[in-house]
Structure formats: C-alpha cells, structure tokens
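Take a look at the letters that make up each chain.
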Amino acid sequence: MTVKKFDEKVSLLENRKINGKYYKMIFSSAMLSKNVRPGQFLQVRINEGQDPYLRRPFSYYRVMGQRIEVLYEVLGYGTQVLCQKKKGEVLKVMGPLGKGFSGAIGKKKRILVAGGVGVPPLVFLAEKYSTDYLLIGTKSKAELLPKSELKKVRAKVLCSTEDGSYGTEGRVTLLLEKILKDRHPEEFFIQTCGPKPMMEAVIALACKYGVEGEASWDESMACGVGACLGCMVKTKTGLKRACADGPVFSFEDLDL
Ligand SMILES: Cc1cc2nc3c(=O)[nH]c(=O)nc-3n(C[C@H](O)[C@H](O)[C@H](O)COP(=O)(O)OP(=O)(O)OC[C@H]3O[C@@H](n4cnc5c(N)ncnc54)[C@H](O)[C@@H]3O)c2cc1C
Ligand code: FES
C-alpha cells in the first residue's frame with residue numbers, strides 16, 4: 001500500500017535536551033501524524049534557506065493524535081543547528097516516509113534490540129505493539145533514556161552498558177544471546193535499529209539460532225523519497241533504496 005506523504009510547515013511546541021544524549025522535539029500536524037508506522041521517518045528542513053542544503057531524516061518517536069515527538073542526538077552541523085531552535089520556530093517537515101516495521105508477527109514473541117539513534121523507533125514500536133523484550137545497549141548510563149520515557153512500554157526492558165555503569169556490562173548482543181539460548185529461539189522475532197556493527201552482530205546471532213527478523217538499515221539520505229538513488233542498500237534481490245524500499249528490511253533480504 002502506498003502511503004501518502006505530506007510536506008508541512010510545523011511550529012515547534014517544544015525542543016529541549018532530555019539527558020546527556022538526546023533532545024526531544026515536539027510539533028503538531030494533522031497530515032504528518034496520519035497512519036504512521038513505527039520505523040517510518042520524517043525529512044526535516046533544518047533552516048528556511050539552503051544551509052544546510054539537505055534535509056535530515058529522523059524517525060517518528062511517538063505519535064499521539066496530531067502530536068508528534070522526535071528524539072534526536074546532536075552529531076554534526078545539522079543537529080547542532082536544530083537543537084538551538086526555540087518553541088514557536090517553524091520547520092518544514094516531510095513524512096511519513098519509508099516502510100516501517102511489521103506490527104503483526106503472528107504468534108511469535110517480539111524482541112527489540114536498540115542502540116544509538118535506533119532507540120526512538122523501537123520505543124515507539126514497543127508502545128504500539130505487544131512486545132516481550134526491549135533490549136537497549138549504550139556506552140554508559142548517562143546515555144540511557146530517562147525512565148520516564150519508558151513508562152508506557154509494557155515489555156521487559158533490559159539494558160547493557162559497555163562500561164558496566166548500568167545493567168549488564170558489555171554489548172547488547174550478550175543480552176540477546178542469553179534470551180535465545182535459554183529458550184526455543186524459533187518462538188521469537190527480532191527487530192533491530194542502531195549502529196550498523198550492532199545490527200550486523202544481531203543478524204549474525206539470529207542466523208546462528210535460526211530466528212527471523214527485521215533491521216532498519218539507515219543510510220545517509222538526500223532526497224528521502226526514492227528519487228536520487230543516494231541511499232542504496234545491497235539486498236539479495238538487488239540494490240534497493242533505503243528511503244523508499246526500506247529503511248526496514250528483513251534479515252533474509254539483506255546481503256551483508
Ligand atoms: C531513516 C533514518 C532515521 C533516523 N532517525 C533518527 C532519530 O530518530 N534520531 C536521531 O538522532 N537520528 C536519527 N537518524 C540519524 C540522523 O539523520 C543523523 O544523525 C543526522 O542526519 C545527522 O545530521 P548532522 O548534520 O547533525 O550530522 P552530519 O554532519 O550529517 O554527520 C555527523 C556525524 O553523524 C553521523 N551520522 C550521520 N547520519 C547518521 C546515521 N544515519 N546514523 C548514525 N550516524 C549518522 C555521521 O557519520 C557523522 O559522523 C536517522 C537516520 C535515518 C536514515
Ligand atoms: S535518499 Fe534519495 S533515493 Fe533514497
């Protein structure tokens with residue numbers, strides 16, 4: 001089904017730092033909030049003019065009625081400019097874009113594995129669909145989402161930190177393997193989003209235990225709507241556009 005996309009001017013209701021890692025931006029739009037699936041994204045024009053020239057992609061973090069929340073990390077120039085925007089400032093935003101995660105997964109138990117900029121769409125997925133585990137990996141406790149942001153998540157939330165300052169010490173795949181090896185792995189369905197090395201390690205474990213799943217393969221994007229071919233992903237059925245054919249692909253389809 002082709003979902004209609006919109007390009008709207010929105011006024012910021014909020015744009016503030018919520019912890020050592022993330023900023024939260026909130027705005028309202030009747031069009032951009034219609035029929036959104038977790039894993040879909042928005043293309044945000046950071047400034048009115050041409051600096052920065054390209055829009056920046058951000059996942060939907062939460063949609064409540066017409067209210068849209070985006071959670072973002074400040075990584076480079078665009079997000080540095082974005083985080084200085086004040087309540088009432090206007091941004092041009094296009095969405096909903098791309099294909100999101102599967103909501104229906106039959107009788108399988110959902111395990112979500114998130115890291116870095118992959119945390120927002122997976123929290124959205126866990127809030128919207130029945131989920132057994134939400135696994136979150138970060139470098140340290142300071143980077144974890146505040147607990148208040150997870151209060152609508154009904155899944156069991158397990159965290160790992162690389163420095164051991166919170167939860168299990170080490171990579172998030174330690175948590176995943178512990179779950180898979182103690183159970184019947186074929187009962188599960190994994191959905192993952194985060195840094196590529198993390199997703200590659202998740203997919204390698206899924207292969208080892210014979211578990212199906214999906215990964216949001218976020219490539220740098222230019223147009224965001226399938227026109228420039230700047231975001232190609234290698235799949236077993238040829239090159240595909242992350243923005244229009246993805247960003248969510250099945251593990252089976254990805255050619256790593
Ligand atoms: C489909 C999709 C959804 C996304 N959702 C979110 C989100 O919900 N929250 C969020 O904070 N970010 C998200 N991102 C990443 C976000 O788009 C980039 O962080 C942003 O474009 C960086 O812009 P910049 O100008 O600040 O940095 P740039 O100057 O463009 O880059 C600065 C640094 O950030 C790194 N970077 C750029 N793009 C990405 C990326 N896709 N993943 C990881 N590192 C990147 C670059 O390698 C570089 O080191 C998403 C990206 C995609 C493709
Ligand atoms: S960003 Fe242009 S085709 Fe994907």
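This report concerns the structure included in the present document.

Cut-offs and rules
- Residues numbered from 1 in each chain as written.
- Chains lettered and ligands numbered in written order.
- Predicted model: local features only at pLDDT ≥ 70, side-chain atom pairs only at ≥ 80, totals over all residues.
- Heavy atoms only, no water.
- Core = buried A, V, L, I, M, F, W, Y, C linked by side-chain atoms within 4.5 Å.
- Buried < 20%, exposed > 50% of the residue type's maximum accessible area, 1.4 Å probe, protein only.
- Helix = DSSP H or I, 4+ residues; strand = E, 2+ residues; numbered from the N terminus.
- Domains from an automatic or database assignment.
- Contact = heavy atoms within 4.5 Å.
- Near = heavy atom within 4 Å.
- Polar contact = N/O pair within 3.5 Å; in protein donor to acceptor, adjacent residues only side chain to side chain.
- Areas by Shrake-Rupley, 256 points an atom, 1.4 Å probe, with all protein chains shown as cover.
- Phe/Tyr/Trp six-rings, centres within 6.5 Å; stacked < 30°, edge-to-face > 60°.
- Lys NZ or Arg CZ within 6 Å of the ring centre and 35° of its normal.

Quick word on the nonpolar core
Here is step 1: Ranked by internal contacts, the top residues of the largest apolar core, which has 32 residues, are I111, V113, L135, L176, L180, I190 and W217.
Here is step 2: Listing elements by their share of this core, those giving two or more residues are β7 (90–97), β8 (109–115), β9 (133–138), α3 (172–182), β12 (188–193) and α4 (196–209).
Here is step 3: Of the residues forming this core, the biggest block, seven residues, is contributed by α4.
Here is step 4: If you count residues domain by domain, this core takes at least three from each of domain 1 (6–97) and domain 2 (109–216).
Here is step 5: Setting aside chain neighbours within four positions, we find W217 in contact with K196, M199, E200, I203, V233, A242, P247, F249, L254 and L256.

A few points about the site of ligand 1
Here is step 1: Neighbouring residues of ligand 1: 18 residues in total, closest R56, P57, E73, G78 and T79.
Here is step 2: Contacts to ligand 1 include G76, whose backbone N or O atom sits 3.0 Å from an oxygen atom.
Here is step 3: Between T79 and ligand 1, the recorded distance is 2.4 Å, taken from a side-chain N or O atom to an oxygen atom.
Here is step 4: Protein contact buries 72% of the 860 Å² of open area that ligand 1 shows by itself.

Things to note about the packing of aromatic side chains
Here is step 1: As enumerated under the stated definition, the model contains two aromatic pairs in all.
Here is step 2: Ring geometry for Y23 versus Y72: centroids 5.6 Å apart, planes at 20 degrees, classification stacked. Of this pair, Y23 sits in strand β2 (residues 22–28) while Y72 sits in strand β6 (residues 67–73), and the two are 49 residues apart along the sequence. When sorted by exposure, Y23 lands in the same class as Y72, which is buried.
Here is step 3: Note that K21 overlies the ring of Y22, its terminal NZ or CZ placed 5.9 Å from the centroid.

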